[in-house]
Structure formats: C-alpha cells, structure tokens
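Working through the structure, step by step
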Amino acid sequence: MLPPDSNPYWASSTDQLLQQFQATPDGLTGEAARQRLAQYGPNTLKAKDRTDALRLFLEQFKSPIMLILLVATGISAALGDWLDSLIIFLIVLGSAVLSFFQEYSASNAVEELRARVQIRVNSLRDGQVQFIPAEEIVPGDMVLLSAGSLIPADGVVIEATDCFVNQAVLTGETFPVEKKPAPVSLAAGLSDRTNVVFMGTSVRSGTAKALIVQTGAQTAFGQIAETLTLRPPETEFERGIRRFGYLLTELMLVLTIIVFAINVFFQKPALDSLLFSVALAVGLTPQLLPAIINITLAQGSKALAQQGVIVRHLTSIENFGSMDVLCTDKTGTLTVGVVRLDGAVNVEGEPSENVLRLAAINACFQTGLANPLDEAILASGEFDPGALIKVDEIPYDFNRKRLSVVIREANEQTLVMKGALNNILAVCSQARIGGATQALDEIDINIQQRYADWSGQGFRVLGVASKAVRPQERYTQADEQEMIFEGFLLFFDPPKPDVQQTISDLNDLGVQLKIITGDNKLVALHTAEAVGLEVTGALTGAELNTLSDESLWQAVERANLYCEVDPNQKERIILALKKRDHVVGYMGDGINDAPALHTADVGVSVDTAVDVAKDAADFVLMEQSLAVLRRGIELGRTTFANTLKYVFITTSANFGNMFSMAGASLFMPFLPLLPKQILLINFLTDFPAMTIASDAVDREQVTCPRRWDIRFIRDFMVTFGLISSLFDYLTFGLLLLVLHAGQDEFRSGWFVLSIITELLILLVMRTQKPFFRSKPSRALLAAALAVSVVTLLIPYTPLNTSLGLAPIPPTTLLALLGIAALYITASELAKYWFYRQHRETPKPVRRSRIHLRLFP
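Described in the following lines is the structure provided in the data block. Since we're looking at a predicted model, the values are computed, not measured.

With that out of the way, let us pick up the overall build of the protein. Looking only at helices and strands, the protein features 29 helices and 23 strands. A total of 856 residues make up the protein; the buried ones form 55% of that total. Sequence separation of at least 24 residues holds for 74% of the intrachain contacts in the protein that already meet a minimum separation of 6. By element, 56% of the accessible surface of the protein is carried by carbon and sulfur atoms, the whole surface being about 37,000 Å².

Attention now goes to the pattern of salt bridges. Within the structure shown, the criterion is met by 22 salt bridges. Residue Arg402 pairs with Glu480 through a salt bridge whose shortest N-O separation is 3.1 Å. Taken together, the residues span a long stretch of sequence, with Arg402 in strand β12 (residues 402-409) and Glu480 in the loop between β16 (460-469) and β17 (483-492) at a distance of 78 residues. Classification of Arg402 as buried rests on a relative accessible area of 10%. Relative accessible area serves as the criterion here: at 0%, Glu480 is assigned to the buried category. If you follow the salt bridges from partner to partner, you end up with Asp505, Arg630, Glu634 and Arg699 in one network.

On to the side chain of Ser466, then. On the secondary structure map, Ser466 appears in strand β16. Those residues within four positions of Ser466 in sequence are excluded, and the remaining contacts are Leu358, Thr414, Leu415, Val416, Arg432, Met483, Ile484 and Glu486.

A few words on helix α17 (residues 521-530). Along α17, the residues classified as buried are Val523, Ala524, His526, Thr527, Ala528 and Ala530. Two or three places before Leu522, at the opening of α17, Asn520 has a side-chain oxygen 2.9 Å from that residue's backbone nitrogen. Positive phi shows up at Gly532, right after α17, with a value of about 80°.

For helix α26 (residues 743-765), which comprises 23 residues, the first-to-last C-alpha distance of 32 Å matches the rise-based estimate of 33 Å (1.5 Å per residue) to within 8%. Burial analysis of α26 places 19 of its 23 residues in the buried class, which makes it a mostly covered element.

A separate point is the nonpolar core. Within the largest apolar cluster, 63 residues are counted, with the highest numbers of intra-cluster contacts made by Phe746 and Phe751. Among the secondary structure elements, those contributing two or more residues to this core are α8 (236-265), α23 (626-667), α24 (675-690), α25 (710-738), α26, α27 (778-793) and α29 (810-837). A total of 13 residues in this core trace back to one element, the largest contributor, which is α26. For Phe751, the residues in contact, after removing those within four places along its chain, are Leu673, Gln677, Leu680, Ile681, Leu684, Thr791, Ile794 and Leu805. Judged by nonpolar contacts, the second largest core, of 57 residues, contains Ile516, Tyr586, Leu597 and Leu626.

This brings us to the environment of Ile678. Locating Ile678 in the fold gives a position in helix α24. Using a relative accessible area of 2% as the deciding quantity, one classes Ile678 as buried. Between the C-alpha atom of Ile678 and that of Ser754, which follows or precedes it by 76 residues, the distance is 9.5 Å.

Further remarks concern the sheet that holds strand β8 (residues 309-311). Spatial strand order, β8-β23-β22-β21-β9-β18-β20-β19: eight strands in an open sheet with mixed pairing. Two strands lie at the open edges of the sheet, namely β8 and β19 (538-540), each paired on one side alone. Direction aside, the axes of adjacent strands within the sheet are offset by 20° on average.

Of the strand pairs in this sheet, β12 and strand β13 (residues 412-420) are connected by eight bridges, and their pairing is antiparallel. Considered in β13, the bridge of Val405 is made with Val416. Between the antiparallel neighbours β12 and β13 lie two residues, among them Ala410 with a positive phi of about 60°. With eight bridges connecting them, β13 and β16 associate as antiparallel partners.

Scoring rules and cut-offs
- Residues numbered from 1 in each chain as written.
- Predicted model: local features only at pLDDT ≥ 70, side-chain atom pairs only at ≥ 80, totals over all residues.
- Heavy atoms only, no water.
- Helix = DSSP H or I, 4+ residues; strand = E, 2+ residues; numbered from the N terminus.
- Buried < 20%, exposed > 50% of the residue type's maximum accessible area, 1.4 Å probe, protein only.
- Contact = heavy atoms within 4.5 Å.
- Areas by Shrake-Rupley, 256 points an atom, 1.4 Å probe, with all protein chains shown as cover.
- Salt bridge = Lys/Arg side-chain N within 4 Å of Asp/Glu carboxyl O.
- Polar contact = N/O pair within 3.5 Å; in protein donor to acceptor, adjacent residues only side chain to side chain.
- Expected span 1.5 Å × (residues − 1).
- Core = buried A, V, L, I, M, F, W, Y, C linked by side-chain atoms within 4.5 Å.
- Pairing = 2+ DSSP bridges.
- Axes fitted to C-alpha atoms, helices over the stretch in contact; angles between N-to-C directions.

Have a look at this one:
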C-alpha cells in the first residue's frame, strides 16, 4: 500500500506517511474512506460474510462411510444394476440435502446474531471522532487508542502518552511494550518497531493516536494467520463428542468387517455383501449428529439472543450448561452497577468543595478508559474548567492504580492525582488540614481508621492528592512523589433488589457463585452480607501470593470471596478451580479481565465492556445481570439434553437393528433388508430427529450440571440394543416360522416394524419419566406421526416394486404392531430399571449458603 520506492512505514516520518497515504492529522473524509474501503476491501483476515453454501453441501459427503457407499453404488451401476444404484443415490442425496438446508439456515442465523456484537473503533472522520466498526477501517484512517482498545489494523503511532501495548499474541513478549512516535531502523524486526501498533494486539495503558497503514490480510498478523497452529482449547462438550465418535467408530468398523467377511465366506455376492455391510455402517453411524448439534446450538443461540445473550462461540453453549462454578466481580452483577459519588470529604472527614473540584479536574481531563467512577464525579455537580489548560497526563495502570493530570491555571501548574487510597498514600508525604499541611505519618492512623469505617459500610474509597509542579516538557511517574493528600471520595453501588433470589436460583441449579474483586476486603465482605451470601472463606491477593499451587487447589474449594486481586491472580484462581475438575465460568468487562476470560471454560462479558474483554468472551450480555446468566445456564442445559436425546435414540434403536441384521444375514438364505431399504429407513427417521432441537426438556434435566459420560452411554447402548435385538429375532421367528412370509413380505414387514419402533422409541427415550408423563414438542410429534403414516403406506404404493417391498397382509401387520407394543412396554420397564441401577449422579457441588433476608 506504500509506493515501491518509499521507506518502510516504520522508518518513515509522520509527514512522509501523511503525504504517502494522502491523509491528514484530522483523519479522512467520509467519501475518501468509502472509496478506500471499495479499493482495499473490508478489514478482515478472510473475505467471508456468510456460510459458503457449496462447501457446506460437500461436507455432507466427507464421511469415509458415505464415500465408500457412493463408490460401491457407482460400481453397482457400472455392473448394470442401474435402478438400485439410482434409488440408493437418491436416498443418500435426499439425506444430505435435508441436513444441508437445516445446517445452512442455522449457520446464517448464528452469523446474523454475531453481527450484533461488533468491535468498534474511535476514528477521526471529517475532523470528528466517530465510532465505526473495525471492518470499515482503511489505510489512511487516524484512530484513537486508549487502555482496553483492541488494535484493529497495523498503524504508525503519531502521538502517544505512556502507551503500553500487549503484543504477546504476535511477538511472544511477556511484558507490555511502550510505543513512541519516532521512526526506527529500516532493519527493525516486529519486536523493535516501537512506533508501530499491530492488528490483534491491545492497549494495556495510556493513550495514542495512530495512522493506519495496513489492513486485513496485509497486516503482520494477517500474513502469519494462515500458518498459526494455535487452536482454541477443546471444550468439555467437544471432548465428549470426540470420545463418543471413537466408541461408535470402533463398533462400526468391527461390525462392517465381520459382516462382510462372513457373507463372502458363505459365498454370497461380494458386491451385494459390500453394499449391505456399508449400509449397516451407515445405519449405525449417527451421520446426523453434526447437523443435530449445529441445529440445536443454533436454536439455543437464537433463544439466548431473545434473553439478551449473544453467543460468540457456539460450542460454548454446552459448557454454559455444564458450568458448576461462576466467578464474577460484584459491580453490576450483585450490585446495581450505577455508581454514585456519596461524598467528597477532607482529611478530617468533612465535606470539601476543594476535594470535589480536584476530583472533577482529574476526571474531566483524563483521556484514558472511560469509567463509571469518573462519570459519577462529573455527574455530582456542575464543573466548569474555565481557564484551566491541560498540560500533560500520566495514565492509569493496574500496578500504580492511580491517574494524574497536570493542569495550568494562571501562571501555576498543578499535578492532580486520584486512585486507590493506599496507592495514593504511598506517594504522599503530607496531608492538608484546614489551610495548612501536616506530616502524613502523624495522622496516618486516623486516615486508616476512617478508611476501615467507610469500607465496612460498603463505600468504595478513593484518595485525592495534589502538588504544585514546575513547568517541564513531559511529566512521568517519577513526578508522582512528595504529594499532598487532600481527602477522600466515597462511592456507593447498592445491591440489586432481586439478587438474593438469583443467587438462590443459581444454587438450586448446582452453580457455586464466587466473587473475585479488586476492592478491599471490608467492602467485599459488606457486599456479600448485603446480598445474603454467607462467606465460606475469603482470600486476599496478598494471601494468594503465599500459597503454593497445591495449597491453592485445596483453598479454592472452600473460599468463595477473593478480594484485592490482580489480573494474574484471577487467572490463577480459575486454573486452580479447573484443576479440581470444575467447569468454570467467568464474568468480566475490564482490561484486567481478559486473561481470566480466556482461561475460563465459559467467558462472559457485556456489550459495554472494553474491546479486549468482548473479544475474549464466549458470550456477550446485552445487560449485566446474573438473572440473564441463570436463564442462559438453563438454555445451555436444554441444548445439551436435546443433543443427548439423539445420541440415546441412535444407540438404542440403530445399534439393535444393525446388530440384528448382521446376525440374521448369517443364517437366512437372503439378506434381511436390501441396502436401499436400510438407507430409506435411515432417511425417513431423520425427519423426526431434526425436530429434537426444539423439543421440550423435563425440568429434572436442567436442575444440575451434566457432562458426557461415555461409560453410561455404552451401557445404555448395550442394554437397549440387546432388548431391540431380542424383539427383532422374535419378529424373524414370527415372520418366517409362524406366518411363513416370503422374501419380499419379510422385508416389508421388518422395514415397517423397524421404522415404527424407532419412532416409538424416540418418544420413550426422550425422557427418563414414563413417556406418557412427558409431553414432546408439537413439531416432534407431528413429524413422528407423518413418517408413521408414510411408512405404513409405502408397501401398498407403486413404489414398492422398485424398493423391493410387497403389500403386507392385515393379520401380519396387526401381529407386527403387537410386537411393537410389547417392545415399547419392555423398553419402558427396562428404562425404569436402568436409571435406578445407573442413576446419573452429577459431581457433588459445594453450594454457597443463602440468607434469605435483606441487610440494610
């Protein structure tokens, strides 16, 4: 994007860059930006707006089993069996089309929901600051960065004030790097380009103004994105799916190879035996599982969106339901989140206009991250900066926990500082009392006593300090010494009125609530008391530093209140909880929450959060509320339960039928079902399965966290598969030995019975209750009834000959329906016995005790 004969952008001066990019310090015009967007394209790594329909359709055929089936069908056609080959191909194609349309619709719905949560950037356009989507940033744009900003593209720093950027994602550097507006060497590598900010990195502290020079795939991050091997950690749900896939793959391969080998041994036609074996494998394989999962997750994401929760990573929905520990700050979740300034008082604890004015000066002139404390200060009264002129700023960071501005009034310059009380006192040597100053050491005890009293009442206390400074070109942290302590700022954020009930509901759902906050211990304890949460253990950041990892693993089980913690400690707490086999959720909205959001199994942020927090989160709440989270947990468990329904139905019906056919093929003079009939059974039963995503779920299925249990699924499959096979062999005996059915009549009878029993077992196995006590969704019931009618009619239609079927005599049909009734009765009784013997007992959760009373 630079002229070929120019210096690299990192080695060019500001004037050269502005000329090369035809830009100005006030940014581009709107028209120029639109033209460049058309020229360079959107600022994304891949030009993909919607799901690629062709790719998604072709993915329906990527299964090895499906490919083998298509190849075998092609061979059969080449040998002259055109009709059967065409029928098999049409059934396979129909199944793929059905799955494709459901997945395509679900995928696009999810993309539309994700578009509601966009990363936006402060950019200068037409001389004004505009908040625009990151995708619309173009070369030549002038962007304004502050603490928490996610850098949207590669840019050269034009102005900077103590700007430190975390670029570990690109360069691997452990600590944030300071960025300064000065050209560097032509040979400078990425790490040495101290005047360049890179796409995908984030501002840790300070402010900067940057000229965008590369966007999209042309950025440093974009050029290596294709070669990155880092993948997101596997979720609990994905791990369960993988293990289940391994189990079924092993069974499928063993069954297919044995059936094929034995049929060939008994000198049955090799091609027919291959098609039969592969069709059995298709019947056993839950090829709809990926589609069912996608549809179920998409339905879940739409339901969550209606509740004010936008899903950014679909597979995390299942983790939402499995979550048994939720870590959160108190502000906005346990409290109202609307902070008010309750008082600005001097060292003696009396209201002070001077303290309020100094606080307002600091809040008004700071240009870093917008925060509710500054907003509360400015909203507490009319502040007129008048003749005040800002000279410089020393931005806030999470180590100092304070922010300073330098202002000029008349001929005097003053450094005004506010921040965490102890961090302010640490750089003060005097305190202002009345019109005089006094050594801080002489009154420190009184200050700490007032601090403890106010904190115990639930106030968040900040300190304010100031001093006169000499004029100089730039002020740094070294100037924050020998300050004069001016007084206190008292902030209050009352508890939410319904928070007690919400905490109680979370406990009823088996979710522990743990508070992780940077506030001091006294404030945190007061808040816990006010919301009725009995503290079972409290740890401060200083105490965490004294614990080894092994000791912390034990401590996190007891403690539910962590205070005065830093970002790294938050991450350490979550890792310790995960080490104890918890599925951990974390809710945060600040810069210092990003590491914890990345580490947690379920990262939750809010729409008003800083960019790096939203980017790290799996879910974004449109309102900051634990009640919304509770609804999300229930929907996550509903989604998980509906996914397991399909798994149970597949294992109980398909495995039994395929096992029966494999055994019957060994002693019967003909194949019990033709390959096209097996595939048609599979195709017809797909329709009701597709409606499982919207099925109702019993209340018992959402009252506790649930996880994949492969041993439980295996036992379920063997138990109900054997019951299914027992009734299959009973059917064989009835048709062959009692009714003396011929080949086509036998296949017709078992074709009808296989579908009817699978539809009935769907209604039985969708609930742990007796099936008549749990009402299925209307869509599921309607689909099951429709497929039943079609199944009963097929043997009597003109299609029967092409499908190798024949009309079924009424007496035979009645006998088969009688066997179906017996099968359902036996399955219902076996289900009662099975769940008593294999009762799903979720891992015990240590629950917080709740006081159902409101503290003043």
